[in-house]
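Each chain, written out:
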Amino acid sequence: MLINKPLKIANKKQSLLLILTVLSMTVLNGQPINQGDFFTNIGKIYVVVGVIVLVFIGLVIFLIRLEKRISRLEGEITKS
Amino acid sequence: MNIAPWVKVTSVILILYSFIAGLLIPLGPGIVSITPVQATAGEEVTLDIFTYNTHFEKSIPSVYFKSDNDQMLPAYSVNIVNNTQLKAHFSFPRLTPGSQGMQGLTLIINNQLDGFTLLPNALFISSKQSGETDAWKELSEIELNTSNELKFPYRSILQETIRNIYYHVSLWFAMILLYLVSAIKSVQFLRTGSIQFDEQSKSLAEVGTLFGLLGLVTGMLWAAFTWGTFWSFDVKQNMSAVAILIYLAYFILRSSIEDLDKQARIAAAYNIFAFVALIPLIFVVPRLTDSLHPGNGGNPALGSDDLDNTMRLVFYPAVVGWILMGLWIANIVYRYHRLKRKFLEN
């Protein structure tokens, strides 16, 4: 009965919470991860590349959020 | 209050340096695996040895086993398969020096170009009797080369990911310093009551949390390919996640209080306690129990086993670079908060 009901996701925040829950369930369950070829070949150098890319993405997301806040403030200043 | 230009230039140069030097300095030689891993004294054994970053075709290696009382047994012949693969033939005498019964021998490969490299407990040998024979030589009789080139040490599980120390650990160092300055600004706000200190404190905490979250995510990726899982419920992983949650609660606390003056005062008090809680969570608790992180479970942090002198050449500049970069970003956030307050005041 429950399965037949479509899952309603009201807004962005709820869907984000859902994604994070599913992610934490799969990531945190302690299963050994599949040692794929890409990250483990050439002495695992792509793990280093991945870490640098993550840091870069994190900084970019922070800058985009900061820019949005500044744009909102600019909008308020020009309105008044 | 703006950040001086030299701070920005220094931070960019130091971080760029950490990327270039941290990625271009090669890894030292290392032994990846050998087969077989067990032998009996008195038999002849042919070993397949796989290594990393060695140049056997340019410089002929010699292969030894070292017993636990520093006696060396050289291989009687070595075939070079390629730069990183060897076939070594050993003939073990009936008597093995050192401890009786089962003994883990250290494999040593030496050549002039790469220097020597070793793998402890590479081969377990079982012998009925222990004793000295002519085949086993004193350690002082054998000459080992060391390489003078700049190289990062090879560690069997880490391999190239040892470079992540510059991109993961330095973020945590920068986070701690940003939180420290943030707590100091909160104290200043409570003492003087001028709102600008609270805004600086808030901005520093924001960037500190950014670095902390990045530290968690990069650490998870690193852990996945070295410890086997993204999250292994290691003490330090758990405690730093708790620390980040404490700071996330700080921002939720701020947004839950509408009165700006009250918000600033409560948030400043909370921020000081958050930093006080951070110290035991990150520095004390992980050292009390066993942890996968180096420098925990009673060991001194960042000892010479985890961070050799070549790595320090890259690691400390990276830490300073990220701290200055964090102060720069926090300053931009602070200027946004200041503008917003000035606009709301008018």
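Since the model is a prediction, treat every value here as computed from it, not as a measurement. (Residues numbered from 1 in each chain as written. Chains lettered and ligands numbered in written order. Predicted model: local features only at pLDDT ≥ 70, side-chain atom pairs only at ≥ 80, totals over all residues. Heavy atoms only, no water.)

Caption draft 1: View of the overall build of chain A. A count of helices and strands for chain A gives three helices and zero strands. Going through the 80 residues of chain A one by one, you find that 21% of them count as buried. Carbon and sulfur atoms provide 68% of the accessible area of chain A, an area that totals close to 6,500 Å². (Helix = DSSP H or I, 4+ residues; strand = E, 2+ residues; numbered from the N terminus. Buried < 20%, exposed > 50% of the residue type's maximum accessible area, 1.4 Å probe, protein only. Areas by Shrake-Rupley, 256 points an atom, 1.4 Å probe, with all protein chains shown as cover.)

Caption draft 2: Quick peek at the environment of B:Thr10. Following the sequence through the fold, B:Thr10 ends up in helix H1 (residues 5-24). Linking B:Thr10 and B:Pro317, residues 307 residues apart in sequence, is a C-alpha distance of 9.8 Å.

Caption draft 3: Structural detail: the pattern of salt bridges. Residue and element names in this part refer to chain B. The full count for this structure, using the stated rule, is eight salt bridges over all chains. We note a salt bridge from Glu-160 to Arg-163, for which the minimum N-O separation is 2.7 Å. For the pair formed by Glu-160 and Arg-163, the shared burial category is buried. With a closest N to O distance of 3.8 Å, Arg-341 and Glu-345 form a salt bridge. With Arg-341 and Glu-345 both in helix H6 (residues 309-345) and four residues apart, the pair spans about one turn of that helix. Three or more residues joined by partner-sharing salt bridges are found here, namely Glu-199, Arg-341 and Glu-345. (Salt bridge = Lys/Arg side-chain N within 4 Å of Asp/Glu carboxyl O.)

Caption draft 4: Quick look at the side chain of B:Arg254. With respect to the element layout, B:Arg254 can be found in helix H4 (residues 235-256). Once you skip the residues sitting within four places of it in the chain, B:Arg254 turns out to touch B:Asp198, B:Lys202, B:Gln263, B:Ala264 and B:Ala267. (Contact = heavy atoms within 4.5 Å.)

Caption draft 5: Here's a closer look at the packing of helix H2 (residues 164-192) of chain B against helix H5 (residues 260-288) of chain B. Residue and element names in this part refer to chain B. Where H2 meets H5, the axes come as close as 9 Å, and the angle between the chain directions of the two elements is 145 degrees. Of the two elements, H2 crosses H5, and the hand of that crossing is left-handed. Across from Met-175, Ile-176, Tyr-179, Leu-180, Ser-182, Ala-183, Ser-186, Val-187, Phe-189 and Leu-190 in H2, the residues of H5 making contact are Ala-264, Arg-265, Ala-268, Ala-269, Asn-271, Ile-272, Phe-275, Leu-278, Ile-282 and Phe-283. Tallied by class, the residues present in the contact of H2 with H5 amount to 16 nonpolar, three polar and one charged. (Axes fitted to C-alpha atoms, helices over the stretch in contact; angles between N-to-C directions. Left-handed = near helix turned anticlockwise from the far one by under 90°. Nonpolar A, V, L, I, M, F, W, Y, C, P; charged D, E, K, R; others polar.)

Caption draft 6: Region of interest: a positive patch on the surface. A cluster of like positive charges, contributed by A:Lys12, A:Lys68, A:Arg72 and B:Lys340, occupies part of the molecular surface. Mapped onto the secondary structure, A:Arg72 falls in helix H3 (residues 45-79). (Patch = residues over 30% accessible without salt bridge, like charges linked within 9 Å, V, L, I, M, F, W, Y side chains within 5 Å. Lys, Arg positive; Asp, Glu negative; His and termini not counted. Charge placed at Lys NZ, Arg CZ, Asp CG, Glu CD.)

Caption draft 7: Representation of the nonpolar core within the structure. Core analysis: the biggest nonpolar cluster contains 61 residues, and B:Phe152, B:Ile165, B:Tyr166, B:Met175, B:Phe211, B:Leu278 and B:Trp322 have the highest contact counts within it. Elements that contribute at least two residues to this core include exactly H3 of chain A together with H1, H2, helix H3 (195-226), H4, H5 and H6 of chain B. The element that contributes the greatest number of residues to this core is H2(B), accounting for twelve residues. The contact partners of B:Trp322, leaving out residues within four places of it in the chain, are A:Val55, A:Leu59, B:Ile15, B:Phe19, B:Tyr166, B:Ser170, B:Leu171, B:Ala174 and B:Phe211. (Core = buried A, V, L, I, M, F, W, Y, C linked by side-chain atoms within 4.5 Å.)

Caption draft 8: Quick look at the packing of aromatic side chains. All names here are of chain B. Summed over all chains, the structure comprises 13 aromatic pairs over all chains. Each ring, one from Phe-65 and one from Phe-90, has its centre 4.6 Å from the other, and the planes form 50 degrees; the classification is tilted. One end of the pair, Phe-65, is in strand S4 (residues 62-66); the other, Phe-90, is in strand S7 (residues 85-91), with 25 residues separating them in the sequence. (Phe/Tyr/Trp six-rings, centres within 6.5 Å; stacked < 30°, edge-to-face > 60°.)

Caption draft 9: Geometry of the environment of A:Lys68. Among the structural elements, A:Lys68 can be located in helix H3. Between the C-alpha atoms of A:Lys68 and A:Gly50, which are 18 residues apart in sequence, the distance is 27 Å.

Caption draft 10: Structural context of H1(B). Residue and element names in this part refer to chain B. Over its 20 residues, H1 extends 28 Å from the first C-alpha to the last, a length consistent with the 28 Å expected when each residue adds 1.5 Å. Within the sequence span of H1, burial applies to Val-7, Ser-11, Leu-14, Ile-15, Ser-18, Ala-21 and Gly-22. Relative to the axis of H1, the buried residues are bounded by an arc of 145 degrees and lie together on one face. The outward face of H1, more than 90 degrees from its buried face, is lined by the exposed residues Pro-5, Trp-6, Ile-13 and Leu-24. Residues of H1 that are buried make contact with H2 and H6. (Expected span 1.5 Å × (residues − 1). Arc of directions from axis to C-beta.)

Caption draft 11: Looking closely at the interface of chain B and chain A. At the junction of the two partners, chain B supplies 39 residues and chain A supplies 30 residues. Between chain B and chain A the total buried area reaches about 3,100 Å² when both faces are included, carbon and sulfur atoms providing 80% of it. On the chain B side of the interface with chain A, the three residues burying the most area are B:Phe225, B:Tyr336 and B:Phe343, jointly 23% of the side's total. Applying the counting rule to chain B against chain A returns one salt bridge. Here A:Arg69 makes a salt bridge to B:Glu206, at a shortest N to O gap of 2.7 Å. Counting every contact that joins chain B to chain A gives four residue pairs in polar contact (both at pLDDT 80 or more). At 13 residues, H3(B) tops the list of elements feeding residues into the side of chain B that touches chain A. Its residues placed into classes, the side of chain B that touches chain A shows 27 nonpolar, eight polar and four charged. (Buried area = accessible area lost by both parts, 1.4 Å probe. Polar contact = N/O pair within 3.5 Å; in protein donor to acceptor, adjacent residues only side chain to side chain.)

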